[in-house]
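# Architecture at a glance
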Amino acid sequence: MAVLIEYGTIEGQTGKIANFIADHIQSLGQDVTLVNTGDRAAPPASFDGVDKVILAASVHERRHPKMFETTIAAQRDDLAQRPTLLLSVSLNAAFPEGVEEAQEYVEEMELRTGLTPTEEMLVPGAVHTDRCDYYALQVLRHVILRGKDYDPAQGTHEFTDWDALRDRVSAFVAA
């Protein structure tokens, strides 16, 4: 079986997730092609021989990266012919009170791209305080994480549940 993984990342967590699942799928004995939709120098993905597709993208300011959405909108017909798993990576997915909003990001993306994936998973992202200036840290603390059970002063933190991610990808590949 051949699996295509296309991803869009802003701060690197989704890239880390994409590489993690690529390594996992290879450990299952499957062929994997990994494509960063944000890499304008990369050739477009080929769907020749692809059995399943995993789409992974981070959410910033209520939407997935524009280049990611543009790419999957252009590939909508090819994607619709194969089982697809969308991994939507956001901080809201890390908190019970944020899951509903995290699902809204997926629904909005589906409206913009015209693609409804076969399966979806909301994946908790990460806080990268080491990449924040003072202003960004204040936005993170008082807007994005306001009222959530996490203080960015604790530093960089991954909320991603690697075991749950591996299990979901395993089930998708095996189905």
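Figured I'd write up the structure that's included with this text.

Calculation rules
Residues numbered from 1 in each chain as written. Predicted model: local features only at pLDDT ≥ 70, side-chain atom pairs only at ≥ 80, totals over all residues. Heavy atoms only, no water. Helix = DSSP H or I, 4+ residues; strand = E, 2+ residues; numbered from the N terminus. Buried < 20%, exposed > 50% of the residue type's maximum accessible area, 1.4 Å probe, protein only. Contact = heavy atoms within 4.5 Å. Areas by Shrake-Rupley, 256 points an atom, 1.4 Å probe, with all protein chains shown as cover. Core = buried A, V, L, I, M, F, W, Y, C linked by side-chain atoms within 4.5 Å. Axes fitted to C-alpha atoms, helices over the stretch in contact; angles between N-to-C directions. Parallel < 35°, antiparallel > 145°, perpendicular 65-115°, else oblique. Left-handed = near helix turned anticlockwise from the far one by under 90°. Nonpolar A, V, L, I, M, F, W, Y, C, P; charged D, E, K, R; others polar. Pairing = 2+ DSSP bridges. Right-handed = clockwise from strand over helix to strand, strands pointing away. Polar contact = N/O pair within 3.5 Å; in protein donor to acceptor, adjacent residues only side chain to side chain.

### So, the overall build of the protein
When its secondary structure is counted, the protein shows 6 helices and 7 strands. Here the protein, with 175 residues, has 46% of them falling under the buried criterion. Look at the contacts in the protein between residues 6 or more apart in sequence, and 78% of them connect residues 24 or more apart. Just so you have it, the protein exposes about 8900 Å², and 49% of that area is on carbon and sulfur atoms.

### A short note on the nonpolar core
Membership of the largest hydrophobic core comes to 20 residues, with the highest contact counts inside it found for Ile 5, Ile 25, Ile 54, Leu 87, Leu 165 and Val 169. Within the residue set of this core, elements represented by two or more residues are strand S1 (2-8), helix H1 (13-27), strand S3 (52-58), strand S4 (84-90), strand S5 (119-124) and helix H6 (162-174). Beyond its immediate sequence surroundings of up to four residues, Leu 165 is in contact with Ile 17, Phe 20, Ile 21, Leu 87, Met 121, Val 123 and Thr 160.

### Describing the environment of Leu 86
With respect to the helices and strands, the residue Leu 86 is situated in strand S4. A relative accessible area of 0% places Leu 86 in the buried class. Spatially, the C-alpha atom of Leu 86 lies 8.7 Å from that of Val 106, the residues being 20 residues apart in sequence. In contact with Leu 86, not counting residues within four places along its chain, are Leu 55, Phe 68, Val 106, Met 109, Pro 117, Glu 119, Glu 120 and Met 121.

### Description of the packing of helix H2 (residues 66-74) against helix H4 (residues 99-113)
Axis separation between H2 and H4 bottoms out at 9 Å; the angle between their running directions is 50°. On the basis of their axis angle, the class for H2 and H4 is oblique. Crossing geometry of H2 relative to H4 is assigned as right-handed. In this structure, H2 uses Phe 68, Glu 69, Ile 72 and Ala 73 to contact H4, whose residues at the interface are Met 109, Arg 112 and Thr 113. A class-by-class count of the residues in the contact of H2 with H4 yields 4 nonpolar, 1 polar and 2 charged.

### Describing the pairing of S4
Along a regular strand, successive side chains alternate from one face of the sheet to the other. Counting buried positions along S4 gives 7 out of 7 residues, so the element sits mostly inside the fold. As defined by bridge partners, S4 adjoins S5 across 6 bridges and the pair is classed as parallel. Bridged to Ser 88 within S5 is Leu 122. In this view, the connection linking S4 to its parallel neighbour S5 by way of H4 has right-handed handedness.

### Concerning the sheet that holds S4
Taken together, 5 strands build an open sheet; the order of strands is S2-S1-S3-S4-S5 and the sheet is parallel. This sheet does not close on itself; its edge strands, each paired only once, are strand S2 (31-36) and S5. Strand-to-strand twist of the sheet, defined as the mean angle between neighbouring strand axes without regard to direction, takes the value 15°. Of the strands in this sheet, S4 and S5 are in contact with H4, which crosses S5 at around 135°. On top of the sheet, H6 reaches S1, S3, S4 and S5; it is set at about 165° to S5, its chief contact.

### Observations concerning the side chain of Glu 69
Of note, Glu 69 is situated in helix H2. Of the polar contacts made by the side chain of Glu 69, one reaches the side chain of Arg 63; its length is 2.6 Å.

### Overview of the side chain of Ser 90
Mapping Ser 90 onto the fold places it in strand S4. What makes Ser 90 buried here is its relative accessible area of 5%. Of the polar contacts made by the side chain of Ser 90, one reaches the backbone nitrogen of Ala 93; its length is 3.3 Å. Excluding its chain neighbours within four sequence positions, the residues that come into contact with Ser 90 are Val 59, Ala 102, Tyr 105, Val 123, Pro 124 and Gly 125.

These results come straight from atomic positions and should not be treated as a statement about function.
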